[in-house]
Amino acid sequence: AQSVTQLDSQVPVFEEAPVELRCNYSSSVSVYLFWYVQYPNQGLQLLLKYLSGSTLVKGINGFEAEFNKSQTSFHLRKPSVHISDTAEYFCAVRGGSNYKLTFGKGTLLTVNP
Amino acid sequence: GAGVSQSPSNKVTEKGKDVELRCDPISGHTALYWYRQSLGQGLEFLIYFQGNSAPDKSGLPSDRFSAERTGGSVSTLTIQRTQQEDSAVYLCASSLDFSGDLAFGSGTRLTVV
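Because the structure is a prediction, the values reported are computed rather than measured.

This paragraph deals with unusual backbone geometry. The linkage connecting Ser7 of chain B with the following residue, Pro8 of chain B, adopts the cis geometry, with an omega of -10°. In this structure, Glu16 of chain A takes a positive phi of about 75° despite not being glycine. Along the chain, Glu16 of chain A falls in the loop between strand E2 (10-14) and strand E3 (19-21). One non-glycine residue with positive phi stands out, namely Asn61 of chain A, at about 60°. With respect to the secondary-structure elements, Asn61 of chain A resides in the loop between strand E7 (56-58) and strand E8 (64-68). Residue Asn61 of chain A is classed as partly exposed on the basis of its relative accessible area of 41%.

See the structure below:
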C-alpha cells in the first residue's frame, strides 16, 4: 500500500515570489509520482509526473519537481508565481503495477498581488 | 477531442433519496475511475473499471453505493438512501489503460439536505 502526505494545507505567497509545495510518500514498491492542479470548479489537470530517469521533472506552467528517493519526497517548485497559479495542488502516487492513484489531501496555493 | 464529461454538474437532493451520477469517458479509454472529494480530505478512491475485467469496488464506503459501466463506456454511480455525509464532489477519470495518465471530468457536486 502507498500513502501521500502533503505537509501544508495552505500556502499564501506574493506574486513573483518563489514557492515550494511539499509532498512526502510511502510505498513498499517502486513508485510513480504525480502533481495535479485543480482550478476552482474544475477537474484535476496533470502538471507533471515522475516515472523513471532524471529526478528533476519539468511540467506545464513553469512548475518543476524533484524526486528524492532517500527522503521519499517529491516537492513541487516554481521560481516566480503568478496570480493565475492560485489553485489547489495535489500530489499523488502509484505503486509499481498498481493502477490505483493515491492522492494527498491537497495544498491550496493563494497568490496575492 | 472531447474530454471526460460528467452530469449533472450540481445535484441537490433530500436525505433518503437515491441519486445517479453519470460519467462519459474519453473515447477509447479502457480504464475508468470514480473518486470522491470532500472538503479538506483530498481525493478518496471509490471504484475502478478496466475493460471487461471485474471492477475493483474496494473503495465504496457502504453498500448504498454502487456503480456500473455499460458497454465499456458510460459509467453510472448510484447512491441509495443518501445521507448528509455523502455531500461531496464526485470526480470521474479515464485513461487509455491501467498505467495511462488520468483525465478528469469537472465533477458532480452533490449536496444532501
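That shown, we press on.
What follows is about the environment of Ser3 of chain A. Residues and elements named next belong to chain A. Structurally, the position occupied by Ser3 is in strand E1 (residues 2-6). The partly exposed category is assigned to Ser3, whose relative accessible area is 33%. Counting along the chain gives 82 residues from Ser3 to Asp85, while the straight-line C-alpha distance between them is 26 Å. Those residues in contact with Ser3 that lie beyond four places of it in its chain are Asn24, Tyr25, Ser26, Val93 and Thr102.

Residue and element names in this part refer to chain B. Checked against the element boundaries, Thr78 lands in strand E7 (residues 75-79). According to the relative accessible area criterion, Thr78 is buried, its value standing at 17%. Beyond its immediate stretch of four places on either side in the chain, Thr78 contacts Val19, Glu20, Arg64, Phe65 and Ser66.

This brings us to the environment of Phe63 of chain A. Residues and elements named next belong to chain A. Inspection of the secondary structure assignment puts Phe63 in the loop between E7 and E8. Overall, Phe63 belongs to the buried group, its relative accessible area being 2%. Separated by 52 residues in the primary sequence, Phe63 and Val11 have C-alpha atoms spaced 16 Å apart. If we skip the residues at most four places from it in the chain, Phe63 touches Leu47, Leu48, Val57, Lys58, Leu76, Arg77, Lys78, Asp85 and Tyr89.

This part covers the sheet that holds strand E6 (residues 65-69) of chain B. Residues and elements named next belong to chain B. Taken together, the four strands give an open sheet; going across it, the order is E1-E3-E7-E6, and neighbouring strands pair in antiparallel fashion. Either end of the sheet is taken by a strand with one partner, and the two such strands are strand E1 (5-7) and E6. Between one strand axis and the next, the sheet turns by 15° as a mean value, whatever way the strands run. Direction of pairing for E6 relative to E7: antiparallel, over a ladder of five bridges. Each residue of the ladder has a partner; that of Ser66, found in E7, is Thr78.

By the definition in use, this model includes 14 aromatic pairs over all chains. Ring centres 5.3 Å apart and planes at 85° place the aromatic pair Phe103 of chain A and Tyr35 of chain B in the edge-to-face group. Linking Phe103 of chain A in strand E11 (residues 102-103) with Tyr35 of chain B in strand E4 (residues 31-37), this pair reaches from one chain into another. A relative accessible area of 0% means that Tyr35 of chain B is categorised as buried. Ring geometry for Phe103 of chain A against Phe104 of chain B: centres 6.1 Å apart, planes inclined by 75°, an arrangement best described as edge-to-face. Taken together, the positions of Phe103 of chain A in strand E11 and Phe104 of chain B in strand E9 (residues 103-104) put the pair across two chains. What makes Phe103 of chain A buried here is its relative accessible area of 8%.

Okay, the interface of chain B and chain A next. Every contact between the two is made by 21 residues of chain B and, on the other side, 18 residues of chain A. Carbon and sulfur atoms make up 52% of the surface buried where chain B meets chain A, a total of about 1600 Å² over both sides. Interface area lost by chain B to chain A is led by Leu43, Asp101 and Phe104 of chain B, which between them contribute 28%. For the pair chain B and chain A, the interface holds two salt bridges. Across the pair Asp56 of chain B and Lys100 of chain A runs a salt bridge whose closest N-O atoms are separated by 3.8 Å. Connecting chain B to chain A are eight residue pairs in polar contact (both at pLDDT 80 or more). Among the secondary structure elements, those contributing two or more residues to the side of chain B that touches chain A are E4 and strand E5 (43-50) of chain B.

Each value, and the rule that gives it
- Residues numbered from 1 in each chain as written.
- Chains lettered and ligands numbered in written order.
- Predicted model: local features only at pLDDT ≥ 70, side-chain atom pairs only at ≥ 80, totals over all residues.
- Heavy atoms only, no water.
- Helix = DSSP H or I, 4+ residues; strand = E, 2+ residues; numbered from the N terminus.
- Buried < 20%, exposed > 50% of the residue type's maximum accessible area, 1.4 Å probe, protein only.
- Contact = heavy atoms within 4.5 Å.
- Pairing = 2+ DSSP bridges.
- Axes fitted to C-alpha atoms, helices over the stretch in contact; angles between N-to-C directions.
- Phe/Tyr/Trp six-rings, centres within 6.5 Å; stacked < 30°, edge-to-face > 60°.
- Buried area = accessible area lost by both parts, 1.4 Å probe.
- Salt bridge = Lys/Arg side-chain N within 4 Å of Asp/Glu carboxyl O.
- Polar contact = N/O pair within 3.5 Å; in protein donor to acceptor, adjacent residues only side chain to side chain.

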